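Residue-level structural notes
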Amino acid sequence: MTNFTLRSEKWCKIPQYSISKSHHHHHKLQSSRLHLFSLNPNSKLRIRSERGSGVKTGLRVSESDKTKSISPSSSGEEIQLVGDDNKNGGGSGGDEGLHLKWPPWKDLPLRYKLIGTTSLAFVICNMDKVNLSIAIIPMSHQFGWNSSTAGLVQSSFFWGYALSQLPGGWLAKLFGGRKVLEVGVLMWSLATICVPFAAGFMPALVLSRILVGIGEGVSPSAATDLIARSIPIEERSRAVAFVFGGLSVGSVAGLILAPPLIQTYGWESVFYLFGFFGVVWCFGFQFIEGQSAFAVENITRTPQSIASGPVTSNSSTKSWKDVGSSLKDVPWKSFFKSEAVWAMTYAHFCGSWGHYTCLSWLPTYFSEELDLNLTEAAWVSVLPPLASILVTSVASQVADNLISSGVETTTVRKICQTIAFLSPALCMTLSSVDLGLPPWEVVAILTSGLALSSFALSGLYCTHQDISPEYASILLGITNTVGAVPGIVGVALTGYLLDSTHSWSMSLFAPSIFFYLTGTAVWLRYASSKPQKFSKSD
């Protein structure tokens, strides 16, 4: 008996088969056919004999654009088909299973690769966002800024963030989330590197932070577009949690790395290093995207699409001539007639008020109110996002399991978002009342509340995809535009109130508690995750 190995270059993963036939079953195997689905039109098949050389005759290969069909020969040999690629450890012979695959994620489904790289981009995103919240302390001392000026510098990021939300959502729908994400990461990374050069001149510093905000502002809509196109609803909570959970990881990484870097190399170092990380990500994403581009655009017509989800891409089919007409085709009026959209918008505003003001001012609060030094304040500030990582993984799993077991999606989203609002409201109330608690107990209370606010990733942040996968990126652009307003108004207002009242309870906690409570009431009354048909005729 002769053994043959059929090797494929740049084909989709092919499980190992053994097709044997004997003279007794000749008539049954004569019509056997094996279908291989290529993700690359230039793929080649190599048929190698383990005894002798050359290509074995008697095999019929029918050519088509995406399918290779091989029929076994009639001479009684055994044919082994092994998916392999010589470039990745295949060597000169034998079974693929005997060799180490590199890179390890080579055979992961495409949707996992896209979600993983997007989550990594969000890690870098928040590293570049929180670096200023630590660096603002030595910068204020160096340049003589008061709290109002420091609040202005920190809030300037959100000017660009707010301005880019709707354009980001629209561009993500038009050209695809991958391209928009790539451009956004490159923009905010280069702008971050420029911050030290602009720090001595306030208009230039503000402009640099606005550019950082614009780059980071298009990223949530780009990620939402990727998730809506590629992830089925029973996996959506986990996908959203994994991607947006990268923000918490980025906060932890930034708050851990920033203090020693500042103390050793100066505050400028955090902007140089964190910006460099984003540039490296862009180069790496180019390589991964180049490998995946053909599969993303063509996978919807192959059997792999069943396993990989409805990934589509329209970035290569659009030209700038389509931009104007595409913008007119968006059913803007229909969006604002929906109570669910208004509920999402207000909930986004309320959640962002508490999140952005705490993200910007907690290190200063821990330093000035609790008398912690720079390193201690930074380490304590790590605790809320660190705890959020754990809460996010639990919340997303629970939400997906509830939906899979038959609980109505709207009910699940309402429960998760209510937890996300009431928990920090309660903990901020306890922290703002003078109960004579030691500093570490106050830290523990705030950490618990802010960590539980991560339930929003399985509540509010999933509803955009739930009600309309087609317009999910634009809907997030709408709600995130309003959600960026607290970054502009709330962060600056906190600094102003702090200078006026000298009370952290009145300046930081009281406004957040108000919005958490009213946001809960609106969400429970009007929120919905039922799919909606948005039409221009409405």
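Because the structure is a prediction, the values reported are computed rather than measured.

Attention now moves to the overall build of the protein chain. Along the backbone of the protein chain there are 19 helices and 7 strands. Sorting the 538 residues of the protein chain into buried and exposed places 54% on the buried side. Sequence-distant contacts in the protein chain: of pairs separated by 6 or more residues, those separated by 24 or more amount to 82%. With the model as given, the accessible surface of the protein chain reaches about 23400 Å², and the carbon-plus-sulfur share is 63%.

Bringing the UniProt feature "transmembrane region" (unreviewed entry) in the protein chain into the picture now. UniProt's entry tags residues 183–207, 239–258, 270–288, 419–437, 443–462, 474–498 and 504–526 with the feature "transmembrane region" (unreviewed entry), counted in the numbering of this structure. Along residues 419–437 one finds 74% helix and 0% strand; the C-alpha atoms at either end are 25 Å apart. Spanning residues 504–526, this segment combines 100% helix with 0% strand, and its end C-alpha atoms are found 33 Å apart.

As a further point, take helix α6 (residues 202–217). Over its 16 residues, α6 runs 22 Å from end to end, which matches the ideal 22 Å to within 8%, given 1.5 Å per residue. L205, V206, S208, R209, I210, V212, G213, G215, E216 and G217 are the residues of α6 that are buried.

What follows deals with the pattern of salt bridges. Counted according to the given criterion, the structure contains 2 salt bridges. A salt bridge links D400 to R238, with the nearest nitrogen and oxygen atoms 2.8 Å apart. Remark: R238 occurs in helix α8 (residues 233–265) and D400 occurs in helix α14 (residues 374–404); sequence separation between them is 162 residues. We classify R238 as partly exposed; its relative accessible area is 34%. The salt bridge partner of R413 is D466, with a shortest N-O separation of 2.7 Å. With R413 in helix α15 (residues 409–432) and D466 in helix α17 (residues 460–467), this pair connects stretches of sequence that are 53 residues apart. In terms of burial, R413 and D466 fall into one category: buried.

In this model, H502 sits at a positive phi of 55°, which is unusual for a non-glycine residue. By relative accessible area, which is 66% here, H502 ends up exposed.

In total, this model carries 26 aromatic pairs according to the counting rule given. Grouping aromatic residues by their ring pairs yields a cluster made of Y346, F349, W353, F514 and F515.

Right, let's get into the environment of N131. With respect to the helices, strands and loops of the structure, N131 is situated in helix α2 (residues 110–143). Looking at N131, the relative accessible area reads 0%, which means it is buried. Separated by 139 residues in the primary sequence, N131 and V270 place their C-alpha atoms 6.5 Å from one another. Not counting residues within four places of it along the chain, the set of residues in contact with N131 comprises T192, R209, V270, F271 and F274.

Next up on the list: the side chain of T447. Looking at the element boundaries, T447 is found in helix α16 (residues 439–452). In this structure T447 comes out as buried when scored by relative accessible area, which is 12%. Within the structure, the side chain of T447 is placed 2.7 Å from the backbone oxygen of V443, a separation counted as a polar contact. Ignoring any residue separated from it by four or fewer positions in sequence, one finds T447 in contact with L383, P384 and A387.

Where α8 contacts α17, the axes come no closer than 10 Å and their chain directions differ by 135°. With respect to each other, α8 and α17 are oriented oblique. Of the two possible hands of crossing, α8 and α17 adopt the one that is right-handed. For the pair formed by α8 and α17, the contact residues are I233, R236, S237, V240 and F244 on the first element and Y461, C462, Q465 and D466 on the second. Residue composition of the contact of α8 with α17, grouped by class: 5 nonpolar, 2 polar and 2 charged.

Take the environment of W145 next. Mapped onto the elements, W145 comes out in the loop between α2 and α3 (147–163). Judged by its relative accessible area of 14%, W145 is buried.

Quick look at the packing of α15 against α16 now. At their nearest, the axes of α15 and α16 sit 7 Å apart, and the two run at 165° to each other. What the angle tells us is that α15 and α16 run roughly antiparallel. Our pair here, α15 against α16, has a crossing hand that is left-handed. Judged by residue contacts, I419, A420, S423, P424, C427, M428, L430 and S431 of α15 engage V442, I445, L446, S448, G449, L450 and L452 from α16.

This part is about the nonpolar core. Membership of the largest hydrophobic core comes to 86 residues, with the highest contact counts inside it found for F244, Y365 and F366. Look past the residues within four positions of F244 in its chain and what remains in contact with it is F122, P220, T224, I227, L457, Y461 and L476. If you look at the next biggest cluster of nonpolar residues, it comprises 27 residues, including V123, W145, A199 and L359.

All right, on to a nonpolar patch on the surface then. A cluster of nonpolar residues, L390, V394, V398, L402 and V407, forms a patch on the protein surface that exposes about 380 Å² of accessible area. Structurally, the position occupied by V398 is in helix α14.

Time to look at helix α7 (residues 219–230). Here α7 is 12 residues long and its end C-alpha atoms lie 17 Å apart, about the 16 Å a rise of 1.5 Å per residue gives. The element α7 is extensively covered by neighbouring structure, given that 12 of its 12 residues are classed as buried. Taken residue by residue, α7 has S219, P220, S221, A222, A223, T224, D225, L226, I227, A228, R229 and S230 as its buried positions.

Looking at the protein chain as a whole, its pLDDT mean stands at 76, while 71% of the residues score no less than 70. In this model, residues 289–317 is a region of pLDDT below 50 whose contacts with residues beyond four sequence positions or in other chains number 49 contacts.

Reading guide: rules and limits
All chains use their own residue numbering, which begins from 1 and follows the written sequence. Only residues with pLDDT of at least 70 get local features here, since the model is predicted, and only at 80 or more are side-chain atom pairs given and counted; chain-wide, interface and lining totals rely on the full set of residues. The basis for every side-chain value is the complete set of heavy atoms in the structure, and neither hydrogens nor water enter the calculation. Counting from the N terminus, the helices are the DSSP runs of H or I reaching at least four residues and the strands are the DSSP runs of E reaching at least two. Relative accessibility decides the category of a residue: with a 1.4 Å probe and only protein chains considered, values under 20% of the type maximum give buried, values over 50% give exposed, and everything between is partly exposed. Contacts are assigned to residue pairs that have any heavy atoms within 4.5 Å of one another. For the area figures, the Shrake-Rupley method with a 1.4 Å probe applies, and any residue is considered shielded solely by the protein chains shown. UniProt positions are given in the numbering used here, feature names are shortened, and annotations may be inferred rather than shown by experiment. The length a helix should cover is 1.5 Å for every residue beyond the first. Note on definitions: salt bridges are taken to be side-chain nitrogens of Lys or Arg within 4 Å of carboxyl oxygens of Asp or Glu. Stacked, edge-to-face and tilted labels apply to pairs of Phe, Tyr and Trp rings (six-membered ring for Trp) whose centres lie within 6.5 Å, assigned for plane angles under 30 degrees, over 60, and everything in between, in that order. We call two N or O atoms a polar contact when they sit within 3.5 Å, provided that within protein one can donate a hydrogen and the other can accept it, with sequence-adjacent residues counted only if both atoms are side-chain atoms. Interaxial angles span 0 to 180 degrees and are taken between N-to-C directions of axes, which are lines fitted to C-alpha atoms, for helices over the stretch in contact. Roughly parallel means an angle under 35 degrees; roughly antiparallel means over 145; roughly perpendicular covers 65 to 115; every other angle is labelled oblique. For any pair of crossing helices, the crossing counts as left-handed if the nearer helix is rotated counterclockwise from the farther one by less than a right angle, and right-handed if it is rotated clockwise. Side-chain classes follow a simple rule in which Ala, Val, Leu, Ile, Met, Phe, Trp, Tyr, Cys and Pro form the nonpolar group, Asp, Glu, Lys and Arg form the charged group, and the remainder, Gly included, forms the polar group. In these notes, a set of buried Ala, Val, Leu, Ile, Met, Phe, Trp, Tyr and Cys residues joined through side-chain atoms within 4.5 Å is what counts as a nonpolar core. Candidates for patches are residues over 30% relative accessible area with no salt bridge; among them, like charges are joined within 9 Å and nonpolar side chains (Val, Leu, Ile, Met, Phe, Trp, Tyr) within 5 Å. pLDDT is defined as a per-residue confidence score from the predictor, taking values between 0 and 100.

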